[in-house]
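Listed here are the chains, written in short residue letters.
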Amino acid sequence: MVDKITAEIIREYLETVSEEVSKTMENTSVSQVFSEAHDYSSGIFYTKGNQVELLARANSQPVHIFASLTSVEAMLKEFRYNLSPGDLIIATDPYFGGSHIPDWTVMKPIFYNNKPVFFPAVRAHFVEVGGPVPGGYNSLANEIWQEGFRLAPMKLYEKGEMRKDVFDLLAANNRLPETMMGDLSAMIGACRVGEDRILRLIEKYGLVTTLGAIDYLLDYSEKLVRAEIARWPDGVYRGRSVLDHDFGGGEDINVDVTLTVAGDSCTVDLTGTHEQTRGFINSALGNTLSWIYTEFAVVLAGIPVNSGFFRPIKPVVPQGTVVNPYPPAPVGNSTLCIGNDIGQAMMTALAKVAPERAGSAFIDLTIDAIFGNNVRYDNELFISFDYSAAPISSGGAYGVDGWGAYAAPHASLKIPSFEMMEVLFPFLYLQNEYGLDTAAPGQWRGCPAHFMQRKVTTNPVGNHWQVQHSRYPLKGFVGGADSVGNLVITNFGTTDQQEVRVAKESHWQQPGEVVFARKQGGGGWGDPLKRDPHAVLRDVLDEYVSVGRARLDYGVVIDPVTLMLDEVATRLQRLEMFAARTPVS
Amino acid sequence: MSNRSTAQDPVAATILRSKLEAIVAEMEAILVNTAYSPNVSVSRQCAAAIVSEHGEIVAVSSALHLYPLAFTAALIVEQYQFNLSGEDILLTNDPYGGGTGVRNFTSVAPVSDGETIALYVAVCAQTEDFGGDLRGNLHPSAIEIWAEGARCPPMKITREARPQRDVLKTLALNSRNPDAFELDVQAMVAAINVGRQRLRELLDRQGRTDLVASIETGLDYSERRMRTLLDSVPTGTYSGEHALEHDGQGGRGAVVKVQLRFDERGVEVDFTGTSPQTTSFVNSTQSAAATCVFLPLIAALRGQIPFNGGALRAIRLVMPGGTLVNPRLPAPTGWGDQHVGHEIATAVTIALAKAVPQQAGRVTANSVLLFLTRREARHGQTLEQVETFDLSNFAQSGADGSNECDGWGVPGATARRPLPSIELYEADRGGRIESLEFIPDSAGAGQLRGGPGTAAVISLPRVDGGIMQITSVVLKGRDLERQNSVALEGGGESTEIESVAVNRPIGDLVKVSLAMEGGRGWGSPFERRPAAVIRDVLDGIISTRAAGEVYGVILDASGAIDEAATRRRRAELTRSTSGRGQQGHG
């Protein structure tokens with residue numbers, strides 16, 4: 001038995017290694033999706049029998065985390081009898097443990113005494129993956145082949161030798177092969193850093209102690225999770241989230257969650273969820289599980305996330321649904337939608353057992369994949385995302401208002417610098433600000449919506465727009481209001497202006513044209529009438545809330561001329577509004 | 001026994017050549033008999049070859065595939081010559097690596113002799129699907145190759161005798177029919193292995209030095225024969241050009257221009273002046289374009305020479321980059337072997353007609369793309385493209401007449417593909433071929449007339465589930481009165497496809513009628529033997545009216561030829577039309 005102090009040191013060491021692996025990749029990568037938007041993740045894995053265990057993960061994009069576990073599982077299944085020191089494996093296919101084709105996982109088995117013991121893996125979003133549409137987000141896709149080149153688990157290196165032909169294959173199916181090679185090399189380098197650090201760990205403590213610590217750290221997380229769940233009242237709790245559309249003609253795609261708490265464990269059953277659809281919102285199992293566990297990680301914040309964490313939570317995910325489709329269903333957008341809805345339905349159920357931990361833990365994107373040529377850089381082709389239209393999804397949570405970025409669990413996705421975007425691409429931002437009266441009311445309100453206007457300067461910019469959650473905005477919790485919904489308008493401010501309702505492929509924004517995006521914040525938390533009137537006043541002074549809405553939404557009376565809070569009138573107004581509510585029978 | 005080596009003995013060299021040709025024929029037979037895809041097993045879109053250590057084709061089973069195999073093998077040999085073991089097998093489909101379209105795969109493998117490589121064997125085969133937007137990888141709306149399908153640069157599928165399971169799995173994963181893909185690859189590997197075995201036997205029997213020397217002799221022989229043929233053409237520069245009707249995406253006005261320079265070093269084929277590449281799938285890869293040069297050339301020169309790399313040495317190709325005949329990545333190339341393949345072949349034929357009048361004849365014809373895609377929801381609402389029905393081959397164009405015979409059947413370049421089986425279509429698919437016949441008066445008139453065009457009326461297959469969509473690209477052809485056409489019939493109406501339809505739902509449609517142009521005639525129709533004209537009338541190929549008006553053949557009351565009236569009539573017509581067949585050539 002390893003003593004607890006040593007075990008805890010080893011646990012923290014592995015967490016640090018994960019972090020270092022992530023940072024190595026971030027600091028050596030080429031594309032700004034890695035280096036700026038941080039759309040990646042890493043983890044250290046271990047296998048015992050047929051079970052693959054996540055030991056530690058870096059504090060980065062959480063929706064990757066379970067998909068990297070299932071990807072490593074798929075890799076080890078493929079190469080169970082064919083693994084050698086010096087091997088380095090890649091997998092990208094959603095039906096081999098992945099989420100969507102652009103998320104690539106690279107793993108390096110670490111051998112000690114001729115036996116593979118640990119498996120550091122990194123997982124990251126690639127900007128280009130071949131297929132009919134640059135960037136891999138093909139909103140017209142009905143099948144996975146229409147989303148990019150598929151990779152089953154394959155060895156990039158075998159016994160230390162680079163397989164040139166495999167690299168050729170990746171490059172031949174990529175519009176930006178140099179960028180891809182740069183990013184892939186960053187991932188490979190990061191895995192090697194992980195290998196070095198873990199070998200040092202084993203050298204220092206010996207294999208027996210190191211493996212002993214693994215039992216400790218998995219049990220430790222399990223114990224903490226069980227203790228928390230045991231505090232939840234036993235019972236059955238339901239949640240539902242509905243997606244506007246599936247991009248393929250289907251509308252109102254529901255995700256149903258039934259959370260059954262029994263003692264110190266629980267079951268998450270997604271039975272009742274919509275059958276798999278035509279459009280590219282179907283979520284492969286790895287992605288669905290990532291979203292389920294992400295919400296648990298939010299509610300159980302502070303507990304180290306590893307396979308021990310997952311043990312008390314039993315998912316039931318029926319096949320043939322949007323949350324576990326049969327191939328060849330397209331899955332390109334599932335990391336966001338339907339992923340967001342899995343998260344939202346999950347959180348709605350969890351809010352009933354842990355209300356004070358509930359909140360908006362979703363990324364809800366209005367995607368804008370941009371591409372074109374830039375005269376400033378010799379007309380070089382660029383393919384990227386404009387995340388400026390998408391950064392806000394944080395809602396109110398117990399004790400905190402939504403603030404200006406991605407919701408907390410996804411906050412490692414940085415909003416790229418607008419100045420940097422203007423340097424890289426031929427456009428200028430005319431507006432990047434909060435919109436008045438767009439924050440979802442609550443005792444703690446959501447983040448106000450972000451308004452963006454972007455004008456193209458020298459070269460036309462292609463846009464693949466995809467918009468969701470206009471009809472079903474982000475939800476509020478525990479009595480907080482829902483958000484305002486998303487809105488994208490092309491040819492903004494002209495007579496030709498047009499709202500993007502579902503998706504718009506290859507919209508060539510011409511020099512001079514302005515596009516507008518309203519990206520909603522998350523929902524509010526708690527009853528708005530319970531919000532501290534001084535906080536409402538502060539929002540009025542900050543021009544987040546108008547004097548009129550302060551009264552209507554919050555029952556807070558503010559003098560429109562002096563902008564002073566009238567505490568007496570507010571108390572009366574709120575009493576009136578409480579009274580006017582339909583009594584709960 | 002002579003102690004001369006085979007290399008110096010013409011008889012022995014000829015026997016060896018036959019032997020090598022037998023080996024490639026056997027390899028192809030194995031491929032055809034074991035492949036899963038009907039593209040190979042029925043349509044024979046495949047070939048086998050033996051390649052020299054330096055990457056030259058020594059023997060090939062089909063001249064249609066000579067250039068694609070030659071280009072692909074040469075590139076692989078160059079790329080991998082220091083990175084191959086005797087048991088390796090490589091597989092590629094890359095249109096930008098010697099290939100044609102993404103569903104056409106080529107496999108190349110070394111034949112080892114001890115520690116070194118003596119020769120290579122190669123096979124190519126057309127698989128059913130390799131990813132992209134549209135099943136079958138012929139996508140009129142594609143603007144990049146990745147929308148047509150995935151690229152596979154040369155990959156080692158067997159490495160040091162060990163199959164690379166992970167690579168094969170990934171490749172199969174990118175096909176809509178992964179099982180068929182794997183079986184087709186296995187068939188290719190089987191053919192490769194048989195080729196290797198035969199060549200190893202030959203190496204054992206004859207010894208490497210002698211065998212290689214004999215092979216060189218064979219290549220030199222073909223080269224010599226080819227040069228002799230080319231020398232028969234008067235030295236000079238002959239030009240031809242042919243315009244592409246449309247590119248499937250509304251683009252018009254693209255032209256293929258070619259200059260043939262016959263000189264003491266053979267022939268230089270120069271495409272300078274050809275239009276820039278388009279965004280659509282009509283771009284031809286270099287190897288597909290070279291095939292469309294080679295076929296009319298050998299047809300016109302009538303040489304009975306062994307086709308191999310030796311024959312190619314005398315042909316110098318100048319294909320400017322960024323044009324229709326040598327596009328740059330990522331242009332799509334899926335249909336380029338048909339169009340602009342046909343325009344390339346026609347431009348070359350026009351140039352050849354100036355160089356060797358009386359001999360040149362078209363080897364290709366305007367073609368039509370016509371297939372149905374069935375989409376079905378097998379799981380939930382997810383609509384998959386579960387199968388395609390290629391209907392474009394039920395009706396075929398006629399070949400041109402030549403100075404030796406009437407045109408019959410389809411033009412040479414497409415003749416290898418057997419006509420699709422009507423019985424199979426009806427039994428297997430539940431559709432019906434309502435009619436399939438020659439179109440009267442569609443054969444170009446001439447002393448030797450063209451082959452008649454054909455028309456088919458096809459009832460669409462009945463399917464239980466899913467929806468059917470039709471994709472078609474029609475190039476009508478401008479040379480003849482009778483043009484290619486595709487019409488969709490149903491609900492009492494008939495809609496002609498003007499030029500392109502992509503994924504058009506067929507709704508209540510029940511029939512497709514497809515008509516293909518006939519070949520052109522050779523020489524003046526007034527020179528045609530009246531008896532032959534009458535035979536055509538009896539066969540229903542020529543109408544009685546056309547016999548009189550076009551051929552000037554007059555019948556008497558008993559139905560026999562009125563010789564005197566015919567002579568008078570022909571003399572009259574000759575004066576009014578200057579004696580040339582209106583649609584003829586030569």
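Residues numbered from 1 in each chain as written. Chains lettered and ligands numbered in written order. Predicted model: local features only at pLDDT ≥ 70, side-chain atom pairs only at ≥ 80, totals over all residues. Heavy atoms only, no water.

Thoughts on the overall build of chain A
Right, on to step 1. When its secondary structure is counted, chain A shows 13 helices and 21 strands.
Right, on to step 2. Each of the 585 residues in chain A was classed as buried or not, and the buried ones make up 64%.
Right, on to step 3. Pairs at least 24 residues apart make up 72% of the contacts formed inside chain A by residues separated by at least 6 positions.
Right, on to step 4. If you sum the accessible surface of chain A, you get close to 20600 Å²; carbon and sulfur atoms cover 53% of it.
Right, on to step 5. Where the 49 positive side-chain charges of chain A centre and where its 68 negative ones centre are 4 Å apart. (Helix = DSSP H or I, 4+ residues; strand = E, 2+ residues; numbered from the N terminus. Buried < 20%, exposed > 50% of the residue type's maximum accessible area, 1.4 Å probe, protein only. Contact = heavy atoms within 4.5 Å. Areas by Shrake-Rupley, 256 points an atom, 1.4 Å probe, with all protein chains shown as cover. Lys, Arg positive; Asp, Glu negative; His and termini not counted. Charge placed at Lys NZ, Arg CZ, Asp CG, Glu CD.)

A few points about the overall build of chain B
Right, on to step 1. Scanning chain B for helices and strands turns up 14 helices and 20 strands.
Right, on to step 2. In terms of overall dimensions, chain B is globule-like: its C-alpha atoms have a radius of gyration of 25 Å, near the 25 Å expected for 586 residues.
Right, on to step 3. Of all 586 residues assigned to chain B, the portion counted as buried reaches 60%.
Right, on to step 4. Roughly 22600 Å² of accessible area belongs to chain B as shown, and the carbon and sulfur atoms make up 49% of that amount.
Right, on to step 5. In chain B, 56 side chains carry a positive charge and 68 a negative one; their mean positions are 3 Å apart. (Rg over C-alpha atoms; globule rule 2.2 N^0.38 Å.)

Topic: unusual backbone geometry
Right, on to step 1. Each neighbour pair has its own omega, and for A:Pro327 with A:Pro328 the value is 5°, a cis peptide bond.
Right, on to step 2. Mapped onto the elements, A:Pro328 comes out in the loop between β12 (313–316) and α9 (339–350).
Right, on to step 3. For the bond from B:His339 to B:Val340, the omega torsion is 15°, close enough to zero to count as cis.
Right, on to step 4. Looking at the secondary structure, you find B:Val340 in the loop between β11 (315–318) and α10 (341–355).
Right, on to step 5. For A:Asn114, which is not glycine, the phi torsion reads 65° and is therefore positive.

Looking at the side chain of B:Ser43
Right, on to step 1. For B:Ser43, the position within the fold is in the loop between α2 (38–41) and β1 (46–52).
Right, on to step 2. What makes B:Ser43 buried here is its relative accessible area of 16%.

Things to note about the nonpolar core
Right, on to step 1. Ranked by internal contacts, the top residues of the largest apolar core, which has 100 residues, are A:Val106, A:Phe118, A:Leu156, A:Leu184 and B:Leu20.
Right, on to step 2. A:Trp232, A:Phe247, A:Ile338 and A:Leu474 belong to the second largest nonpolar core, which has 79 residues in total. (Core = buried A, V, L, I, M, F, W, Y, C linked by side-chain atoms within 4.5 Å.)

What to know about the confidence of the model for chain B
Residue and element names in this part refer to chain B.
Right, on to step 1. Summing up the model confidence of chain B, the mean pLDDT is 90 and the portion of residues at 70 or higher is 95%.
Right, on to step 2. The weakest mean pLDDT in chain B belongs to helix α11 (residues 422–429) at 82; the strongest belongs to strand β3 (residues 89–92) at 98.
Right, on to step 3. Within the model, the stretch residues 579–584 combines pLDDT values under 50 with 17 contacts to residues more than four positions away or in other chains.
Right, on to step 4. If you check the scores for this complex, the pTM reads 0.91 and the ipTM reads 0.92. (pLDDT = per-residue confidence, 0-100.)

Points about the interface of chain A and chain B
Right, on to step 1. Each partner contributes residues to the interface: chain A has 43 residues there, and chain B has 35 residues.
Right, on to step 2. Surface buried jointly by chain A and chain B totals about 3300 Å² across both partners, of which 50% is contributed by carbon and sulfur atoms.
Right, on to step 3. Our count for the contact surface shared by chain A and chain B stands at seven salt bridges.
Right, on to step 4. Between B:Arg159 and A:Glu158 there is a salt bridge, with the nearest N and O atoms lying 3.0 Å from each other.
Right, on to step 5. For the interface between chain A and chain B, the tally reads 23 residue pairs in polar contact (both at pLDDT 80 or more).
Right, on to step 6. Secondary-structure elements contributing two or more residues to the side of chain A that touches chain B are β7 (154–158) and α4 (164–172) of chain A.
Right, on to step 7. Counting residues per element, the side of chain A that touches chain B draws most heavily on α4(A), at five residues. (Buried area = accessible area lost by both parts, 1.4 Å probe. Salt bridge = Lys/Arg side-chain N within 4 Å of Asp/Glu carboxyl O. Polar contact = N/O pair within 3.5 Å; in protein donor to acceptor, adjacent residues only side chain to side chain.)

Digging into helix α3 (residues 66–80) of chain B
Right, on to step 1. For α3(B), built from 15 residues, the straight-helix expectation of 21 Å at 1.5 Å per residue is met to within 8% by its first-to-last C-alpha distance of 21 Å.
Right, on to step 2. Along α3(B), the residues classified as buried are B:Leu66, B:Tyr67, B:Pro68, B:Leu69, B:Ala70, B:Thr72, B:Ala73, B:Ile76, B:Val77 and B:Tyr80. (Expected span 1.5 Å × (residues − 1).)

Observations regarding the packing of helix α8 (residues 286–301) of chain B against α10(B)
Residue and element names in this part refer to chain B.
Right, on to step 1. In the contact formed by α8 and α10, the axes pass within 8 Å of each other and the chain directions differ by 35°. The handedness of the crossing between α8 and α10 comes out as right-handed. Contacts between α8 and α10 involve Ala289, Cys292, Val293, Pro296, Leu297 and Ala300 from the first element and Gly341, Ile344, Ala345, Val348, Thr349 and Leu352 from the second.
Right, on to step 2. Classifying every residue of the contact of α8 with α10 gives ten nonpolar, two polar and no charged. (Axes fitted to C-alpha atoms, helices over the stretch in contact; angles between N-to-C directions. Left-handed = near helix turned anticlockwise from the far one by under 90°. Nonpolar A, V, L, I, M, F, W, Y, C, P; charged D, E, K, R; others polar.)

As for the sheet that holds strand β8 (residues 236–243) of chain B
Residues and elements named next belong to chain B.
Right, on to step 1. A sheet is described by the order of its strands in space; here four strands give the open sequence β8-β9-β10-β11, paired in mixed fashion. At either margin of the open sheet sits one strand with a lone partner, and together these are β8 and β11. For this sheet the average axis-to-axis angle between neighbouring strands, irrespective of direction, equals 15°.
Right, on to step 2. Against the sheet, α10 engages β8 and β9 (255–263), with an angle of about 145° to β8. (Pairing = 2+ DSSP bridges.)

Topic: the packing of aromatic side chains
Right, on to step 1. The tally for this structure, following the rule as stated, stands at 32 aromatic pairs over all chains.
Right, on to step 2. When the centroid spacing of 5.6 Å and the interplanar angle of 65° are considered together, the rings of A:Phe427 and A:Tyr429 count as edge-to-face.
Right, on to step 3. Relative to B:Phe181, the ring of B:Phe130 lies with its centre 5.5 Å away and its plane at 25°, an arrangement referred to as stacked. Pair noted here: B:Phe130 is in the loop between β5 (116–126) and α4 (145–148) and B:Phe181 is in helix α6 (residues 178–206), with a separation of 51 residues, a long-range link. (Phe/Tyr/Trp six-rings, centres within 6.5 Å; stacked < 30°, edge-to-face > 60°.)

Some details on the sheet that holds strand β17 (residues 485–490) of chain B
All names here are of chain B.
Right, on to step 1. Within the open sheet, the five strands sit side by side as β14-β15-β20-β17-β18. Their pairing is antiparallel. The open sheet has two edge strands, β14 (432–438) and β18 (493–496), and neither has a second partner. For this sheet, the mean inter-axis angle between neighbouring strands, taken without regard to orientation, is 15°.
Right, on to step 2. Relative to strand β20 (residues 511–515), strand β15 (residues 454–459) is paired through five bridges, and the arrangement is antiparallel. Within β20, the position partnered with Ala455 by the bridge is Ala515.

Re the side chain of A:Arg445
All names here are of chain A.
Right, on to step 1. Locating Arg445 in the fold gives a position in the loop between β15 (427–434) and β16 (450–456).
Right, on to step 2. The class for Arg445 is buried, based on a relative accessible area of 5%.
Right, on to step 3. Within the local environment of Arg445, its side chain forms a polar contact with the side chain of Asp539, the two groups lying 2.7 Å apart.
Right, on to step 4. With sequence-adjacent residues up to four places away left out, Arg445 is seen in contact with Gly395, Gly396, Asp401, Gly402, Ala439, Ala440, Gly524, Arg531, Asp539, Tyr544 and Tyr554.

A few points about the pattern of salt bridges
Right, on to step 1. Following the criterion strictly, the structure yields 70 salt bridges over all chains and no others.
Right, on to step 2. Among the salt bridges present, the one from B:Arg165 reaches B:Glu182, with a minimum N-O distance of 3.7 Å. With B:Arg165 in helix α5 (residues 165–173) and B:Glu182 in helix α6, this pair connects stretches of sequence that are 17 residues apart.
Right, on to step 3. Residue classification places B:Arg165 among the partly exposed residues on the basis of a relative accessible area of 49%.
Right, on to step 4. For the salt bridge of B:Asp441 with B:Arg545, the shortest nitrogen-to-oxygen distance reads 3.7 Å. Highlighted residues: B:Asp441 in the loop between β14 and β15 and B:Arg545 in helix α13 (residues 544–549), separated in sequence by 104 residues.
Right, on to step 5. Taken together, the shared-partner salt bridges connect A:Glu53, A:Asp219, A:Glu222, A:Arg226, A:Asp264 and A:Arg311 into one network.

Comments concerning the environment of B:Thr373
Residues and elements named next belong to chain B.
Right, on to step 1. Position of Thr373 relative to the elements: it lies in strand β12 (residues 368–379).
Right, on to step 2. Along the primary structure Thr373 and Ile467 are separated by 94 residues, whereas in three dimensions their C-alpha atoms are 8.3 Å apart.
Right, on to step 3. Excluding anything up to four places from it in sequence, Thr373 contacts Leu134, Gln385, Glu387, Thr388, Ile467, Met468, Gln469 and Asn503.

Structural notes on the pairing of β1(B)
When a strand is regular, its side chains alternate between the sheet's two faces.
All names here are of chain B.
Right, on to step 1. Across the seven residues that make up β1, a large majority, seven, are buried.
Right, on to step 2. On β1, burial covers both faces: Cys46, Ala48, Ile50 and Ser52 on one face and Ala47, Ala49 and Val51 on the other are all buried.
Right, on to step 3. Looking at chain direction, β1 and β5 are connected through seven bridges and run antiparallel. Bridging across to β5, Cys46 finds its partner in Ala125.
Right, on to step 4. Here β1 pairs with strand β2 (residues 57–60) via three bridges, running antiparallel. When the bridges of β2 are listed, Ile50 appears paired with Ala59.
Right, on to step 5. The turn linking β1 back onto β2 is made up of four residues, and Gly55 within it adopts a positive phi angle of 95°.

Thoughts on helix α3 (residues 65–78) of chain A
Residue and element names in this part refer to chain A.
Right, on to step 1. The first and last C-alpha atoms of α3 sit 20 Å apart over 14 residues, in line with the 20 Å expected at 1.5 Å per residue.
Right, on to step 2. For α3, the tally of buried residues reaches eleven of 14 residues, placing the bulk of the element in the interior.
Right, on to step 3. By the burial criterion, the buried members of α3 are Ile65, Phe66, Ala67, Ser68, Leu69, Thr70, Ser71, Val72, Ala74, Met75 and Leu76.

Some thoughts on the environment of B:Ala351
Residue and element names in this part refer to chain B.
Right, on to step 1. One can find Ala351 in helix α10.
Right, on to step 2. Take Ala351: its relative accessible area is 0%, and that puts it in the buried class.
Right, on to step 3. Expressed as a C-alpha distance, the spacing of Ala351 and Glu241, which sit 110 residues apart in the sequence, is 7.8 Å.

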